[in-house]
Amino acid sequence: MVTFEAIKIARHTIADTINSTPILRSTQLSKLFGNHMFFKAEHLQQTGSFKIRGATNKVKQAVKDGASLVTAASSGNHGQAVAYIANQLGIPATIVVPEDANQSKLNAIKAYHGSIEKCGYTSADRLPRAEALAKENQGVVIPPYDDPLIIAGQGTVGFEILEQLEDVDVVVVPIGGGGLISGILTAIKEKKPSIKIIGVEPDTAQDTFLSLQSGQITSIPPTRTIADGLRTTHPGHVTFPIVQHYIDDVVLVREPEIKAALSLVLERMKQLIEPSSAVTVAAAMFNKISVHNKNVVCVLSGGNVDIRLIETMIQ
Ligand SMILES: *Cc1c(COP(=O)(O)O)cnc(C)c1O
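These numbers were taken from a predicted model, which means no experiment stands behind them.

A.B. asks: Which residues make up the site of the ligand, and what values do they have?
C.D. replies: Taken together, 16 residues sit near the ligand, with Lys51, Asn77, Gly176, Gly178 and Ser301 positioned nearest. At 2.8 Å, a backbone N or O of Gly177 approaches an oxygen atom of the ligand. Taken together, the residues of the shell around the ligand sort by class into 5 nonpolar, 9 polar and 2 charged.

The following block contains the structure:
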């Protein structure tokens, strides 16, 4: 279990690495959505997503424990975050990516001096390779979400929201494996349980929604949602009990709604966010959170999007 105290410690641990990101407001989106809209800007975070928070908390501990290598099995934001913080701390990182990983993601990992190893096409192929590499080299695998130190690191997003805004009614958070939301739930529900926390998934990647309905971790087949940070097929064994304990609601958004929200944020707020972030805006935009005239914080979880994709997304 993760505690508020663990999040406070994480905050201290990662303070010299991460940005305390601003909360943006938009009068235009507030008018359109019928709520007072605030946006926690993790797309302006180091490495372009909140993932650096948990990764920093975990990699610093690994270094303290004497690890001589860290590995991760992700070509996305988590892989980039692990490569970045390992380089900052002067320890090598090997990021295991799928054979078909796109070049812009590989370039980002290389820019942070991470080594790349290609292996298979699914996370079921990659994770054993990341584990074997770690084992051979006195290293540590840095998991993307299902780990108490990762969750505590991501929870610092919630800690900052409490500090930055006096009156919050609702916080809207994307759900992949659930690391981000279980951290935010722990930070906020232990201090201000009256704040509602609503999770959002693409309707094709609704594994947490289904798991909550059935009361147990439930897997779905691999999906192709445009929100590539949310393509997990089941919630984690550490994250799910936290989500189950605290969450107020999970809502689903459709692919065209995600694209419309991303376009709106770009056009009206001049902010470039990635589809995995846009799901929270889509939930507010398409009336899925059923509140009015409330103070609503959408977490904009990241901004790493292949620029060539933008054109295809804008209507
Ligand atoms: C990883 C990620 C998520 C999902 O976070 P989980 O901790 O897996 O739930 C959401 N948005 C972005 C941009 C991400 O990189």
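A.B. asks: I'd like a description of the layout of surface pockets, backed by residues and values.
C.D. replies: There is about 180 Å³ of room inside the second largest pocket. Residue lining of the second largest pocket: 13 residues in total, with Ile9, Thr13, Asn57, Gln61 and Leu149 positioned closest to the centre. Among the elements of the structure, helix 1 (4-14), helix 3 (51-64) and helix 7 (148-164) are those that each provide at least two residues to the lining of the second largest pocket. Residue composition of the lining of the second largest pocket, grouped by class: 8 nonpolar, 3 polar and 2 charged.

A.B. asks: Go over the domain arrangement of the chain, please, and point to the residues and values.
C.D. replies: Examined at the domain level, the chain breaks down into domain 1 (4-50 + 147-314) and domain 2 (51-141). Between domain 1 and domain 2, the C-alpha centre-to-centre distance is 24 Å. Contacts between domain 1 and domain 2 engage 29 residues on the former and 18 residues on the latter. Counting the surface lost from both domain 1 and domain 2, the interface buries some 1,900 Å², and carbon and sulfur atoms represent 51% of this. It is Thr17, Thr47 and Leu149 that lose the most area in domain 1 upon contact with domain 2, and together they represent 31% of the buried surface on that side. At the boundary of domain 1 with domain 2, the tally comes to 5 salt bridges. Every element with two or more residues in the side of domain 1 that touches domain 2 is listed here: helix 1 and helix 7.

A.B. asks: Break down the side chain of Gln271 for me, with residues and values.
C.D. replies: You can see Gln271 is positioned in the loop between helix 11 (255-269) and helix 12 (275-285). The exposure class assigned to Gln271 is buried, which follows from its relative accessible area of 17%. The residues touching Gln271, leaving out its near neighbours within four places in the chain, are Leu24, His43, Leu44, Val265 and Leu266.

A.B. asks: Before we move on, could you go through the pattern of salt bridges and cite the residues and values that matter?
C.D. replies: Where charged atoms from two side chains of opposite charge approach closely, those side chains can pair. Enumeration according to the criterion identifies 13 salt bridges in this entry. The residue Asp16 makes a salt bridge to Lys60 at a minimum N-O spacing of 3.0 Å. In this pair, Asp16 sits in the loop between helix 1 and strand 1 (23-25) while Lys60 sits in helix 3, placing the two residues 44 residues apart along the sequence. The class of Asp16 is exposed, set by a relative accessible area of 64%. Of the charged contacts, one joins Arg308 and Asp306 as a salt bridge, the two residues approaching to 3.1 Å between their closest N and O atoms. Using a relative accessible area of 61% as the deciding quantity, one classes Arg308 as exposed. One salt-bridge network, held together by shared partners, links Lys40, Glu42, Arg53 and Glu160.

Here is what the cut-offs are and how they apply
Residues numbered from 1 in each chain as written. Predicted model: local features only at pLDDT ≥ 70, side-chain atom pairs only at ≥ 80, totals over all residues. Heavy atoms only, no water. Near = heavy atom within 4 Å. Polar contact = N/O pair within 3.5 Å; in protein donor to acceptor, adjacent residues only side chain to side chain. Nonpolar A, V, L, I, M, F, W, Y, C, P; charged D, E, K, R; others polar. 1 Å grid on protein atoms, 1.4 Å probe; cavity = no way out; pocket = protein on both sides within 12 Å on 5 of 7 lines; lining within 4 Å. Points joined across faces, edges and corners; volume = space filled by probe spheres on them. Helix = DSSP H or I, 4+ residues; strand = E, 2+ residues; numbered from the N terminus. Domains from an automatic or database assignment. Contact = heavy atoms within 4.5 Å. Buried area = accessible area lost by both parts, 1.4 Å probe. Salt bridge = Lys/Arg side-chain N within 4 Å of Asp/Glu carboxyl O. Buried < 20%, exposed > 50% of the residue type's maximum accessible area, 1.4 Å probe, protein only.

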